[in-house]
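Residues per chain are reported as follows:
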Amino acid sequence: MSAPRVVSLAPSATATVAALGAADRLVGVTAHCDLADDPDAGPANGEEPPTAVGGWLNPDLDRVADLDPDVVLTSDGLQADLADDCRERGLDVAHREPSTLDEALEGFAARGADVGRPDAGERLAADARDRLDRIADAVADRPRPTVYCEEWSDPPMAAGNWVPDAVRAAGGRYPFVDPGERSREVDPAAVERADPDRVVVHVCGHGDRVDPATVAERDWAVDAPVTVIDDSLLNQPSPALLDGVERLARLLHPDAFSVADADDRT
């Protein structure tokens, strides 16, 4: 059986497919999908890179249809209508809407099945859980600092979805949004009352290109160090999210990981 032709309309799906070792099955991706560093990022025939089909919320569906995909990948509630539009064109769509960390990990296995690599999907999910277990062991019995994660800064929005789970998996407290709830605008006074020990900024679509001073010098009574991290580490339900949890854990508990790293070298 030939490899399926896959169009991914979600950056998180594209990143997951690449982590599955199936980037060569991608015949179309959005302008927001990043495969520049993947040498295998070509279609099933291996001759050309995937065709860019537009933005993740406004792709050119005529171009998608012309690629004759076996499956179109979409993600998040913001793409639900787009998924329906693809189905109305007769396209086979695999739509996933994870809202918690556990659902994101389950999605790795689901994406493996979506692109004909179910075993790779199961392995990717299992590896992610192993990574979380190692983090949990490293931060166990340590004080849990309060963390405020900002997904958008104008207006300030506290990150939701899987980010509350990610903070807790990294050994922190996150009193701003419950796991699985959408990100929402936050009153600076509420952040002040929570008295965070750390402020983490990961503005959607900005990578790590945010000046921390724009948050640190905000007119609010928050006295906590501000760290900017690449937004893909926390905003995408892809394997990069595990990198994000590890980054948070090392930020919150550097001593725990200096000990663990030393043990690994002996």
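(A) Layout of the sheet that holds strand 2 (residues 26-29). One open sheet accounts for five strands, arranged 3-2-1-4-5; its pairing is parallel. The open sheet has two free edges, formed respectively by strand 3 (51-52) and strand 5 (93-96), since each of these has just one partner strand. When strand 2 meets strand 3, the two strands line up parallel, connected through two bridges. The partner of Gly28 across the bridge, within strand 3, is Thr51. Against the sheet, helix 3 (residues 80-88) contacts strand 4 (71-75) and strand 5, and its axis sits at roughly 170° relative to strand 5.

(B) Broad picture of the pattern of salt bridges. Evaluated as defined, the whole model comprises 10 salt bridges. Put simply, Arg182 and Asp76 hold a salt bridge, and the shortest N to O gap is 3.3 Å. Residue Arg182 is found in the loop between helix 6 (163-169) and strand 8 (184-185), and its partner Asp76 is found in the loop between strand 4 and helix 3; the two are separated by 106 residues along the sequence. According to the relative accessible area criterion, Arg182 is partly exposed, its value standing at 44%.

(C) Focus on unusual backbone geometry. The linkage connecting Asp154 with the following residue, Pro155, adopts the cis geometry, with an omega of 5°. With respect to the element layout, Pro155 can be found in the loop between strand 6 (147-153) and strand 7 (156-158). Positive phi, normally seen in glycine, also occurs at Asp68, with a value near 50°. Examined against the element boundaries, Asp68 turns out to sit in the loop between helix 2 (61-66) and strand 4. Assessed through its relative accessible area of 53%, Asp68 is described here as exposed. Unusually for a residue other than glycine, Asp76 sits at a positive phi of about 80°.

(D) Inspection of the pairing of strand 4 at higher detail. A large share of strand 4 lies buried, amounting to five of its five residues. A two-sided burial pattern is seen for strand 4, the buried positions comprising Val71, Leu73 and Ser75 on one face and Val72 and Thr74 on the other. Here strand 1 (residues 6-8) pairs with strand 4 via three bridges, running parallel. The residue bridging Val7 from the neighbouring strand is Val72, located in strand 4. Where strand 4 and strand 5 come together, four bridges link them in parallel fashion. Following the sheet pairing, Thr74 is matched in strand 5 by His95.

(E) Main features of the sheet that holds strand 7. The five strands lie next to each other as 8-7-6-9-10, forming an open sheet whose pairing is mixed. Of all strands in the sheet, those bounded by a partner on one side alone are strand 8 and strand 10 (226-228). Of the pairings in the sheet, the one linking strand 6 to strand 7 comprises three bridges and is antiparallel in character. Paired with Trp152 across the bridge in strand 7 is Met157. Helix 10 (residues 240-252) rests against strand 6, strand 9 (198-201) and strand 10 of the sheet, and its axis sits at about 150° to strand 9.

(F) Main features of helix 5 (residues 118-139). Here helix 5 contains 22 residues, and its C-alpha end-to-end distance of 32 Å stays within 8% of the 32 Å for a straight helix at 1.5 Å per residue. Those residues of helix 5 lying buried are Ala120, Gly121, Leu124, Ala125, Ala128, Arg131, Leu132, Ile135, Ala138 and Val139. All buried residues of helix 5 lie within an arc of 145° about the axis, which places them on one face of the element. Exposed residues pointing more than 90 degrees away from the buried face of helix 5 are listed as Asp119, Glu122, Arg123, Arg134 and Asp137. Directly after helix 5, the chain includes Asp141, whose backbone phi takes a positive value near 65°.

Analysis parameters
Residues numbered from 1 in each chain as written. Predicted model: local features only at pLDDT ≥ 70, side-chain atom pairs only at ≥ 80, totals over all residues. Heavy atoms only, no water. Pairing = 2+ DSSP bridges. Helix = DSSP H or I, 4+ residues; strand = E, 2+ residues; numbered from the N terminus. Contact = heavy atoms within 4.5 Å. Axes fitted to C-alpha atoms, helices over the stretch in contact; angles between N-to-C directions. Salt bridge = Lys/Arg side-chain N within 4 Å of Asp/Glu carboxyl O. Buried < 20%, exposed > 50% of the residue type's maximum accessible area, 1.4 Å probe, protein only. Expected span 1.5 Å × (residues − 1). Arc of directions from axis to C-beta.

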